[in-house]
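# Structural characterization, general
The lines below spell out each chain.
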Amino acid sequence: MAFTIHNRDCFNWLKEQAPNSFHAVLTDPPFGVVEFTPEEVAKLRAGRGGVWRIPPRIGGSERAPLPRFTTLTTEQREHVRTYFRSFGSALEPALVPGAHVMIAGTPMLQFLVQDGMAAAGFEVRGAVMRLYRGFRGGDRPKLAEEEFPEVCVTPRGNYEPWMIFRKPISERTVAENLRKWGVGALRRINADSPFPDVIQSGKTPASEEAVGDHPTQKPQHILRILARSLLPLGKGVILEPFAGSGSTVAACEAIGYDSVGVELDAHHYGNLRKNIDLLKSMYPNFKGESLEPITDGSTTKARVGKRAVSQLGLI
Ligand SMILES: C[S@@+](CC[C@H](N)C(=O)[O-])C[C@H]1O[C@@H](n2cnc3c(N)ncnc32)[C@H](O)[C@@H]1O
């Protein structure tokens, strides 16, 4: 399928797009706060301090750093709301009526993203819970771990919400909107199974992370399932305004959807074509049309380590 990529700030780039250019958005944005500022990226690269947390080593394997959003101040939280109101406002004219937008978030910040997107005119349509064994939360009170051995300050995180929004339909009914714009609803898994809002997932396999060096790369398994759901008739163009490693564009390529990616960082942009080529050719039999773990042994067993295979549910 066709894709294009752009090394731009998506907010400025969106202003130049013709109305009704895109049929859906699948994205994992920065939270508009601090995690991708030069200062925080420097702390991430130095492996010390800031909003990035290095999770504990489990079974001796290296873990990728995660952003730690509990360190945010009230003002920074308010900034998240404003950021997503601006993002929604920038996005809205470029989407066809009835276009769905899926945004990866965190449980702590979800309400701010939803509030911002609603203020920009989007309908809030729930969220898909991506279930995986996370490392967020679950800690005992700091410096009093022994005093309170049976206490955890927050629940241990085992899901990632992918918030669902829709630009309001322009026609009288969803059926009419589908006929006119090709969107307004989600694609079912198949004729017997509607698209669900809980999906068993895993960490990004090591073989996928190995294509590049992006700190927050999402797995092809969940991205292909989500991307497929966004074009109910299988036609249209998906936009990923925060392309990162290129994982979303690669997922669209793998399932036969047209897509457009925008990435601000020159280093990540420079890796996009190579990453997309490598990621899209993994698991050639998995087109996001099933919720099962990927069992395409030709790629996974040959190329991934034991941990990644286990994340894919193969062992
Ligand atoms: C959370 S990451 C996305 C990771 C992606 N989901 C993946 O699997 O690789 C967000 C990305 O957005 C980029 N970014 C931040 N602000 C941007 C902007 N205004 N326009 C375009 N890209 C931006 C960052 O450089 C980063 O690569």
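Attention here is on the structure that accompanies the text. (Residues numbered from 1 in each chain as written. Predicted model: local features only at pLDDT ≥ 70, side-chain atom pairs only at ≥ 80, totals over all residues. Heavy atoms only, no water.)

### A look at the site of the ligand
Taken together, 20 residues form the shell around the ligand, and within it His-214, Lys-218, Ser-245, Ser-247 and Glu-263 come nearest. Lys-218 is positioned such that a nitrogen or oxygen atom in its backbone is 2.8 Å from an oxygen atom of the ligand. Between Ser-245 and the ligand, the recorded distance is 2.6 Å, taken from a side-chain N or O atom to an oxygen atom. Looking at the shell around the ligand residue by residue, the classes come out as seven nonpolar, seven polar and six charged. (Near = heavy atom within 4 Å. Polar contact = N/O pair within 3.5 Å; in protein donor to acceptor, adjacent residues only side chain to side chain. Nonpolar A, V, L, I, M, F, W, Y, C, P; charged D, E, K, R; others polar.)

### Observations regarding the packing of helix 3 (residues 74-91) against helix 4 (residues 110-119)
Between helix 3 and helix 4, the least distance of the axes is 7 Å, while the angle of their chain directions is 35°. As helix 3 packs across helix 4, the resulting crossing turns out to be right-handed. Packed against helix 3, whose contacting residues are Arg-77, Val-80, Arg-81, Phe-84, Arg-85, Phe-87 and Gly-88, the element helix 4 presents Leu-112, Val-113, Asp-115, Gly-116, Met-117 and Ala-119 at the interface. When grouped by side-chain class, the residues that make up the contact of helix 3 with helix 4 number seven nonpolar, two polar and four charged. (Axes fitted to C-alpha atoms, helices over the stretch in contact; angles between N-to-C directions. Helix = DSSP H or I, 4+ residues; strand = E, 2+ residues; numbered from the N terminus. Left-handed = near helix turned anticlockwise from the far one by under 90°. Contact = heavy atoms within 4.5 Å.)

### Topic: helix 3
Along its 18 residues, helix 3 runs 26 Å from first to last C-alpha, staying within 8% of the 26 Å computed at 1.5 Å per residue. The complete set of buried residues in helix 3 reads Val-80, Tyr-83, Phe-84, Phe-87, Gly-88 and Leu-91. Summarising the axial view, the buried residues of helix 3 lie within an arc of 130°, below the 170-degree limit, and thus occupy one face. Exposed residues on helix 3 whose side chains face more than 90 degrees from its buried face are Thr-74 and Glu-75. Contact partners of the buried residues in helix 3: helix 1 (10-15), strand 2 (22-27), strand 5 (95-104), helix 4 and strand 9 (237-240). (Expected span 1.5 Å × (residues − 1). Buried < 20%, exposed > 50% of the residue type's maximum accessible area, 1.4 Å probe, protein only. Arc of directions from axis to C-beta.)

### Points about the side chain of Glu-240
Counting through the fold element by element, Glu-240 comes out in strand 9. No salt bridge forms around the buried Glu-240; measuring N to O, its nearest opposite-charge neighbour Lys-218 is 9.7 Å away. One polar contact links the side chain of Glu-240 to the main-chain amide nitrogen of Phe-242, over a distance of 2.9 Å. Leave out the neighbours within four places in its chain, and Glu-240 touches Leu-26, Thr-27, Asp-28, Thr-248, Val-260, Gly-261 and Val-262. (Lys, Arg positive; Asp, Glu negative; His and termini not counted. Salt bridge = Lys/Arg side-chain N within 4 Å of Asp/Glu carboxyl O.)

### With respect to the packing of helix 8 (residues 247-255) against helix 9 (residues 266-280)
Where helix 8 contacts helix 9, the axes come no closer than 8 Å and their chain directions differ by 45°. Between helix 8 and helix 9, the crossing angle belongs to the class labelled oblique. In the packing of helix 8 onto helix 9, the handedness of the crossing is right-handed. Residues Ser-247, Val-249, Ala-250, Glu-253 and Ala-254 of helix 8 lie in contact with helix 9, whose contacting residues are Ile-276, Leu-279 and Lys-280. For the contact of helix 8 with helix 9, the class distribution of residues is five nonpolar, one polar and two charged. (Parallel < 35°, antiparallel > 145°, perpendicular 65-115°, else oblique.)

### Structural notes on the side chain of Lys-167
Mapped onto the secondary structure, Lys-167 falls in the loop between strand 7 (159-166) and helix 5 (174-181). The exposure class of Lys-167 is buried, given its relative accessible area of 9%. Polar side-chain contacts of Lys-167 include one of 2.7 Å to the backbone oxygen of Leu-95. For Lys-167, the residues in contact, after removing those within four places along its chain, are Glu-92, Pro-93, Leu-95, Val-96, Pro-97, Gly-98, Ala-99 and Phe-122.

### Some points on the environment of His-267
With respect to the secondary-structure elements, His-267 resides in helix 9. Here His-267 falls in the partly exposed class, since its relative accessible area comes to 41%. The spatial distance from the C-alpha of His-267 to the C-alpha of Asn-7 is 9.8 Å, given a sequence separation of 260 residues. For His-267, the side chain forms a polar contact with the side chain of Asp-213, separated by 2.8 Å.

### Re the sheet that holds strand 6 (residues 123-131)
On the basis of which strands lie adjacent, the open sheet formed by eight strands has the order 1-10-9-2-5-7-6-8 and mixed pairing. The strands lining the two open edges of the sheet, one partner per strand, are strand 1 (3-6) and strand 8 (198-200). Here the average twist between neighbouring strands, direction ignored, is 20°. Here five bridges tie strand 2 to strand 5, and the two strands are oriented parallel to one another. Each residue of the ladder has a partner; that of Val-25, found in strand 5, is Val-101. Relative to strand 5, helix 3 is tilted by about 145°, and along the sheet it contacts strand 2, strand 5 and strand 9. (Pairing = 2+ DSSP bridges.)

### Section: the packing of aromatic side chains
Across all of its chains, the model carries six aromatic pairs by this definition. Joined through ring pairs, the aromatic side chains of Phe-11, Tyr-83, Phe-84, Phe-87 and Phe-242 make up one cluster. If you follow Arg-130 out to its NZ or CZ, it ends over the ring of Tyr-132, 4.3 Å from the centre. (Phe/Tyr/Trp six-rings, centres within 6.5 Å; stacked < 30°, edge-to-face > 60°. Lys NZ or Arg CZ within 6 Å of the ring centre and 35° of its normal.)

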